[in-house]
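Spelled out from the first residue to the last, the chains are:
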Amino acid sequence: MKADVSPGSPAPLAEPPEAAEGTRSLVALAAAEARYRGVLEAAADAIFLVDAAGSILLANSSAERMFGYRPGSLSGLCIDLLVPESKRAAHGEHRAHFDAQPRHGSRRLTHLAGQRRDGSVFPAEISLSYIIEASGTIVTCAVRDVSERDRQALALRRLNASLRLIHDCNAALVRAGSESEMIAGIVDRLHRQGGYSAVWVELVDRSSSDARLAAEPAALVVASSLDGDLWRRGFREQLTLPALEQAQALTCLFGSAGGLADWSGDLADRGQRAAIALPLFGRGVAIGVLNLLTPEPQGFDEAACEVLEDLADDLAYGIFAQRAEAGMRLLKRAVEASANGVMITDALKHDHPITYVNPGFEAITGYGAGAVLGNSGRFLLAGDHDQLALNELSQALRERRATQVTLRCLRKDGSPLWVELNVSPVGSADGTLGHFVSVFHDISERRRYEEELEHQANHDSLTGLPNRNLLRDRQQQAIAYAERHDSSLALLAVDIDQFKRVNNSHGHGYGDQLLRIVAERLADSVRDGDTVARLGGDEFVMILADPLGEEEVARVIARILEKVAQPIDLDGHALAISCSIGASLFPRDGRDPETLLKNADAAMHRAKARGRGSFHFYQAEMNERVAGQLAMEADLGRALERGELELHYQPQVDLLSGKIVGAEALLRWRHPARGMIAPKDFITLAEDSGLIVPIGQWVIETACQQVRAWRDAGLATPRLAINLSARQFQSDDLAEQLAAALARAGLDGGALEVELTESLALQDIGRVTAILQKIRQAGVTMAMDDFGTGFSSLAHLLRITVDRIKIDRCFVRDILSDRTAAAVALAVIAMAKSLGVKVIAEGVETEAQLAFLRERGCDELQGFYFSGPLPSEEFEVLLREARGLSFAGSSEAEDEDDGARTLLQRGV
Ligand SMILES: Nc1nc2c(ncn2[C@@H]2O[C@@H]3COP(=O)(O)O[C@H]4[C@@H](O)[C@H](n5cnc6c(=O)[nH]c(N)nc65)O[C@@H]4COP(=O)(O)O[C@H]3[C@H]2O)c(=O)[nH]1
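First, a word on scope: everything that follows refers to the structure included in this document. (Residues numbered from 1 in each chain as written. Predicted model: local features only at pLDDT ≥ 70, side-chain atom pairs only at ≥ 80, totals over all residues. Heavy atoms only, no water.)

### Re the overall build of the protein chain
To keep it simple, the criterion reads: Only DSSP runs of H or I reaching four residues or more are called helices, and only runs of E reaching two or more are called strands; each is numbered from the N terminus. What makes two residues a contact is simply this: any of their non-hydrogen atoms within 4.5 Å. The method behind every accessible area is Shrake-Rupley, applied with a 1.4 Å probe, and residues are considered shielded solely by the protein chains displayed.
The helix and strand inventory of the protein chain stands at 28 helices and 34 strands. Put simply, of all contacts in the protein chain between residues at least 6 apart along the chain, 58% involve residues at least 24 apart. Of the roughly 45,000 Å² of accessible surface on the protein chain, a fraction of 52% belongs to carbon and sulfur atoms.

Okay, here's the thing in structure tokens:
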């Protein structure tokens with residue numbers, strides 16, 4: 001049955017009754033119909049009346065709205081049209097079957113679907129009631145659209161699932177032992193439990209500085225239907241990277257493949273409907289991105305996004321925490337493994353007790369954790385609180401700020417320990433100060449090295465005494481002190497006498513030993529507060545702090561001289577040394593270090609000029625003298641080339657024959673400005689400056705040429721003695737030089753004699769004797785000069801074989817007045833006799849001296865009594881006239897004559 005029923009004029013529900021009665025009944029019926037119709041129209045469900053053939057007899061407005069039909073257009077249509085196409089055939093069959101076996105009653109059918117006019121399908125529930133009428137069964141069908149209810153139910157289900165997922169994920173976060181395990185766990189759960197078809201996490205490459213993602217994902221689970229990773233590239237560029245850059249979750253829906261980008265089209269083809277990229281940020285730092293794919297079109301609706309964002313936050317926090325913990329573990333390991341000592345103290349407790357020390361602390365200090373925990377770190381100072389750095393340290397602790405100080409501590413074994421200490425306050429979680437962390441750096445070795453360098457820079461390596469640098473400091477300090485206290489100080493310049501000779505002749509090792517001994521002796525002679533410094537060579541300087549005056553300084557100097565003069569035994573060589581000292585006083589002789597030193601030096605040179613072992617206080621005119629000496633040294637250097645040197649000749653007379661048997665060549669310097677200068681005024685200078693070597697060569701050459709000239713002049717020339725300075729023996733070829741000079745003059749060795757001084761004994765005696773032997777082999781004779789004045793041992797001297805011994809002037813001078821002088825002279829004569837050596841007395845000035853010596857067996861004389869040194873021309877006259885001494889009588893006659901002194905007379 002088909003009815004064209006429109007909602008405005010609904011079809012009658014029943015046939016009208018009999019006429020009379022009928023009119024009332026009709027009215028009542030119409031009223032009832034109107035009520036039913038009202039009910040129908042008010043119903044939210046779609047309500048249909050359908051006949052047995054399936055034609056819609058009536059449909060309410062809700063039905064037209066629900067199925068998308070215009071008002072009235074449903075009537076007459078087959079109800080099957082409202083069933084989804086796929087179910088339509090089954091529905092028809094079902095309806096036919098029912099028609100064949102009609103029955104009363106009602107049914108409720110769920111999980112059905114309706115199809116709208118536009119073809120769209122919606123979930124529906126249907127209630128059916130059957131009325132069997134004569135014309136057939138009429139079915140009342142109430143259809144309810146349950147889309148919204150289903151959607152809500154689905155959302156609820158999803159929410160529950162998500163909550164379960166979150167819970168499980170959080171459990172995984174907590175339980176994970178490592179970052180990778182945690183990420184893998186989350187990814188796996190999201191895939192298995194959350195039903196996401198692909199889940200992966202990409203992390204920021206921590207080795208890159210610009211938050212770039214690592215090339216490979218940290219974890220990835222993909223359903224097999226999504227095999228192949230071509231789509232992932234597009235996903236990465238379109239979702240993952242922008243999400244990270246924008247720091248917000250980005251979603252993408254794939255409706256159908258048409259018109260979509262390659263990657264999303266590919267995913268849509270493979271049944272995927274939505275994608276999301278969730279950035280992971282931990283404490284504001286980009287960590288990575290969590291990416292998900294789902295076949296559910298609503299998979300990333302608002303609620304799901306919310307849940308996933310929470311999960312992403314948890315994951316980010318978990319990674320951050322894992323990293324922080326790994327960082328902590330790493331830090332702990334680093335602290336444990338650090339070679340630096342680490343000490344943590346409790347800043348809140350009195351005395352800051354130690355709460356932690358690392359193994360490095362024990363290695364450095366020797367104290368293990370067990371011994372120090374609970375103590376104050378102060379114990380390391382071992383009571384040494386007199387350190388400036390401690391002020392800074394305690395102030396920093398008080399002010400709760402970081403500081404760095406260098407401290408002197410003591411190790412457990414008592415050895416000194418220098419540490420560089422970095423102290424930093426460390427806050428508690430609530431921001432208040434909780435601890436101090438102190439890092440110890442053992443700088444003992446560096447400190448030792450620095451001290452060594454400082455010592456080297458300020459001390460003389462040979463003697464360990466302060467050097468010029470430190471002396472200057474000490475001088476300044478002493479001057480400042482004296483100025484403040486209105487007191488004085490003395491500066492002593494000390495120089496070892498004849499040190500150069502010792503050094504040159506015995507070698508530097510010997511000289512070094514001597515310097516060390518002198519250094520010790522000088523240091524032993526003064527008080528602790530005084531300074532002894534070595535400036536170099538044999539130059540020492542002493543500062544006597546706060547002396548009472550010149551007398552006290554003189555007493556100290558006397559003590560020094562005495563101490564230094566004590567005999568020294570060096571490798572079996574008995575050595576008597578002495579030093580010369582010059583003193584300047586502050587403020588009298590200078591107010592600054594330079595002036596005091598210069599003046600003490602000038603005084604020292606003056607002392608040297610006085611002779612060995614003396615001292616002198618500075619006097620104003622001294623500087624001129626020193627300057628004069630320097631000028632003289634410069635002049636002497638030029639004297640040779642300018643021909644200012646000449647030789648004078650002093651005859652030596654035989655005491656038996658009275659004849660001139662020899663002569664001594666004595667050097668003179670005819671200075672253009674100062675006139676004739678005697679050797680005593682420049683020989684020492686020449687020796688000290690080394691000029692004596694070329695000068696000595698000149699003497700040898702000139703002496704030889706002079707003999708040659710006299711001989712050529714037909715004069716009977718006696719042997720000529722020349723003086724050899726000890727310094728000349730340092731040239732190994734001295735003998736060769738002599739031989740060459742003789743050869744050049746065409747002379748044999750007998751023409752010359754060399755005069756040696758006792759100071760030769762200070763030289764390397766082996767070397768000297770070897771040279772002397774060569775000289776002797778050349779036929780040259782030898783005389784020992786100034787015998788008895790030297791400081792060498794007799795035993796030493798005896799190793800040098802000489803032909804003549806010269807009794808020194810000083811004994812001859814006093815020979816008649818001083819018993820000691822006479823005894824020495826006699827002893828020399830006796831010794832010479834016993835050795836078979838001739839004796840010559842020098843400095844004989846009087847007849848009485850001559851008589852005494854002649855009488856005691858002295859062989860020869862030299863002295864003013866007969867003649868002083870003469871220029872060559874004058875000496876030539878002596879030779880030409882063959883002058884000599886004539887003796888008035890024999891020695892016996894002299895004895896008889898009371899006026900023995902007159903027995904000798906000077907030959908004319
Ligand atoms: N009081 C007094 N003095 C007398 C008398 N007779 C001689 N004299 C001085 O005694 C010195 C003798 O020389 P010397 O002992 O070898 O002592 C020499 C010698 O050691 C050294 N000398 C001189 N010429 C040379 C030289 O060519 N080479 C070296 N190395 N030294 C030289 O200089 C020293 C001093 O020489 P001169 O001043 O010439 O002094 C000479 C001479 O003038 C006298 O009767 N009374």
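On we go from here.
### A few points about a nonpolar patch on the surface
Formally: Patch membership requires more than 30% relative accessible area and the absence of a salt bridge. Residues of like charge join within 9 Å; the nonpolar side chains Val, Leu, Ile, Met, Phe, Trp and Tyr join within 5 Å. Note on definitions: salt bridges are taken to be side-chain nitrogens of Lys or Arg within 4 Å of carboxyl oxygens of Asp or Glu.
Judged by side-chain polarity, Leu156, Leu159 and Leu163 come together as a nonpolar surface patch covering roughly 270 Å² of accessible area. Here leucine 163 shows up in helix 4 (residues 147-175).

### Things to note about the nonpolar core
Definition in use: To define a nonpolar core, start from buried Ala, Val, Leu, Ile, Met, Phe, Trp, Tyr and Cys residues and group those joined through side-chain atoms within 4.5 Å. We call a residue buried when its accessible area falls under 20% of the maximum for its residue type, exposed when it is over 50%, and partly exposed in between, using a 1.4 Å probe and counting protein chains only.
Counting 84 residues, the largest nonpolar core has Ile722 and Ile775 as the members making the most contacts within it. It is helix 20 (residues 692-712) that provides the largest number of residues to this core, a total of eight residues. Those residues in contact with isoleucine 775 that sit more than four places away from it in its chain are Leu734, Ala735, Leu738, Val754, Val780 and Met782.

### As for the pattern of salt bridges
Pairing between side chains of opposite charge can happen when the charged atoms of each approach one another. By the definition in use, this model includes 50 salt bridges. With its nearest N and O atoms 2.5 Å apart, the salt bridge here joins arginine 108 to glutamate 125. Residue arginine 108 is found in strand 3 (residues 105-115), and its partner glutamate 125 is found in strand 4 (residues 121-133); the two are separated by 17 residues along the sequence. For arginine 108, a relative accessible area of 53% corresponds to the exposed category. Residue glutamate 125 is classed as buried on the basis of its relative accessible area of 8%.

### Topic: the sheet that holds strand 22 (residues 615-617)
Sheets are built from strands paired through backbone hydrogen bonds, the pairs being either parallel or antiparallel. Definition in use: Any two strands with at least two DSSP-identified bridges between them are counted as paired. Lines fitted to the C-alpha atoms define the axes, with helices restricted to the stretch that makes contact. Angles between their N-to-C directions range from 0 to 180 degrees.
Across the sheet, five strands lie side by side as 17-18-16-21-22; this open sheet has mixed pairing. Edge positions in the sheet fall to strand 17 (531-536) and strand 22, since each has one partner strand and no second. On average, each strand axis in the sheet is inclined to that of its neighbour by 20 degrees, with strand direction left out of account. Each of strand 16 (489-496), strand 17, strand 18 (539-545) and strand 21 (579-586) touches helix 13 (residues 468-485); the most contacted strand, strand 17, lies at about 140 degrees to it. Each of strand 16, strand 18, strand 21 and strand 22 is contacted by helix 16 (residues 550-564), which is oriented at about 160 degrees to strand 21, the strand it contacts most.

### So, the site of the ligand
Under the convention used in this document: Throughout, the term near means that a residue has one or more heavy atoms lying within 4 Å of the molecule or strand in question. Each polar contact in these results corresponds to two N or O atoms within 3.5 Å; when the atoms are within protein, one needs to be able to donate a hydrogen and the other to accept it, and residues that are neighboring in sequence are counted only if both atoms are side-chain atoms.
Contacts to the ligand come from 21 residues, most closely from Gln650, Glu664, Arg809, Glu845 and Phe864. At 2.8 Å, a side-chain N or O of arginine 668 approaches an oxygen atom of the ligand. Here an oxygen atom of the ligand and a side-chain polar atom of asparagine 723 are 3.1 Å apart. At the level of elements, strand 24 (660-671) and strand 28 (781-787) are the ones that each hand at least two residues to the shell around the ligand.

### A few points about the side chain of arginine 804
For arginine 804, the position within the fold is in strand 29 (residues 804-807). In terms of polar contacts, arginine 804 uses its side chain to reach the side chain of glutamate 860, at 3.1 Å. Excluding residues within four positions of it along the chain, arginine 804 makes contact with Arg719, Glu753, Thr781, Met782, Ala783, Met784, Val837, Lys838, Ile840 and Glu860.

### Examining a negative patch on the surface
What counts here: In this tally, Asp and Glu contribute negative charge and Lys and Arg positive charge; neither His nor the terminal groups of the chain are included. Every charge is mapped to an atom, namely NZ of Lys, CZ of Arg, CG of Asp or CD of Glu.
Residues Glu302, Glu306, Glu309, Asp310 and Asp313 make up a contiguous surface patch of negative charge. Position of glutamate 306 among the secondary structure elements: in helix 8 (residues 302-337).

### With respect to the packing of helix 20 against helix 21 (residues 734-745)
Threshold: Convention used here: angles under 35 degrees read as roughly parallel, angles over 145 as roughly antiparallel, angles from 65 to 115 as roughly perpendicular, and any remaining angle as oblique. Should the near helix be turned anticlockwise from the far one by less than a right angle, the crossing is left-handed, and should it be turned clockwise, the crossing is right-handed. Residues are sorted three ways: Asp, Glu, Lys and Arg are charged, Ala, Val, Leu, Ile, Met, Phe, Trp, Tyr, Cys and Pro are nonpolar, and all the rest, Gly among them, are polar.
It is at 9 Å that the axes of helix 20 and helix 21 come closest, and there the two elements cross at 25 degrees. Judged by the inter-axis angle, helix 20 sits roughly parallel to helix 21. The handedness of the crossing between helix 20 and helix 21 is right-handed. Here Gln697, Ile700, Glu701, Cys704, Gln705 and Arg708 of helix 20 come into contact with helix 21, specifically with Leu734, Gln737, Leu738, Ala741, Leu742, Arg744 and Ala745. Taken together, the residues of the contact of helix 20 with helix 21 break down into seven nonpolar, three polar and three charged.

### Overview of helix 7 (residues 262-269)
Those residues of helix 7 that sit buried are Trp263, Ser264, Gly265, Leu267 and Ala268. Just downstream of helix 7, glycine 271 is the residue with a positive phi angle, here 85 degrees.

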